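# Understanding the architecture of this molecule
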Amino acid sequence: WAFKWLGNFSEVTVVLSGVSTMDQLKEDIEIFEDALPNSLTQKEINVYKEIKKLYNSKMKVGCTGCSYCMPCPSGVNIQPVFSLYNNHFFGDPAIWNKSYKDFYTNKCDASQCNECGECEEKCPQHIPIIDKLKEAHEYMISK
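To start, this report covers the structure provided alongside it. (Residues numbered from 1 in each chain as written. Predicted model: local features only at pLDDT ≥ 70, side-chain atom pairs only at ≥ 80, totals over all residues. Heavy atoms only, no water.)

## Here's the deal with the pattern of salt bridges
Enumeration according to the criterion identifies 3 salt bridges in this entry. Across the pair glutamate 115 and lysine 134 runs a salt bridge, and its minimum N-O distance is 3.0 Å. Remark: lysine 134 occurs in helix H7 (residues 129-142) and glutamate 115 occurs in the loop between helix H5 (93-105) and helix H6 (118-122); sequence separation between them is 19 residues. Owing to a relative accessible area of 41%, lysine 134 belongs among the partly exposed residues under this scheme. (Salt bridge = Lys/Arg side-chain N within 4 Å of Asp/Glu carboxyl O. Helix = DSSP H or I, 4+ residues; strand = E, 2+ residues; numbered from the N terminus. Buried < 20%, exposed > 50% of the residue type's maximum accessible area, 1.4 Å probe, protein only.)

## Thoughts on helix H4 (residues 78-87)
Listed as buried for H4 are Ile78, Val81, Phe82, Leu84, Tyr85 and Asn86. Looking at the packing, one finds that the buried side of H4 touches H5, H6 and H7. (Contact = heavy atoms within 4.5 Å.)

## A closer look at unusual backbone geometry
The omega angle of the peptide bond from methionine 70 to proline 71 is 0°, so this bond is cis rather than trans. Mapped onto the elements, proline 71 comes out in the loop between helix H3 (42-58) and H4. For histidine 126, which is not glycine, the phi dihedral falls at a positive 55°. Within the element layout of this structure, histidine 126 appears in the loop between H6 and H7. Taking the relative accessible area as the measure of exposure, histidine 126 reaches 67% and is therefore exposed.

Here's what the structure looks like:
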């Protein structure tokens, strides 16, 4: 599905699929034979939009992981904290909680934020990082 979506855009000329086996390579070749620009039907595009909407509804922070907010003067590991917070909804919470406790032990968790605002000035997504760090911290320590 992802390859078909990418192939639908004429601007996309190369896709690195990361194959590990000959069978995967053959499958990718087969997919890309049909994944041509503007090849998706409107119905298919609507399905992709619904999937995106559902996926985005699970995300708590719209962080893309660019790390422009880093380094944090207080040592907060901002992007990984947001990644843990977002991924908490997609897997075993115990795993994410242990990882967050490791951040806490290493003093790079969200509670280290001193609200200087440097990160927010640098964020291209204009995320209210300070508020989202507080939210992530409260959520992660409560689980």
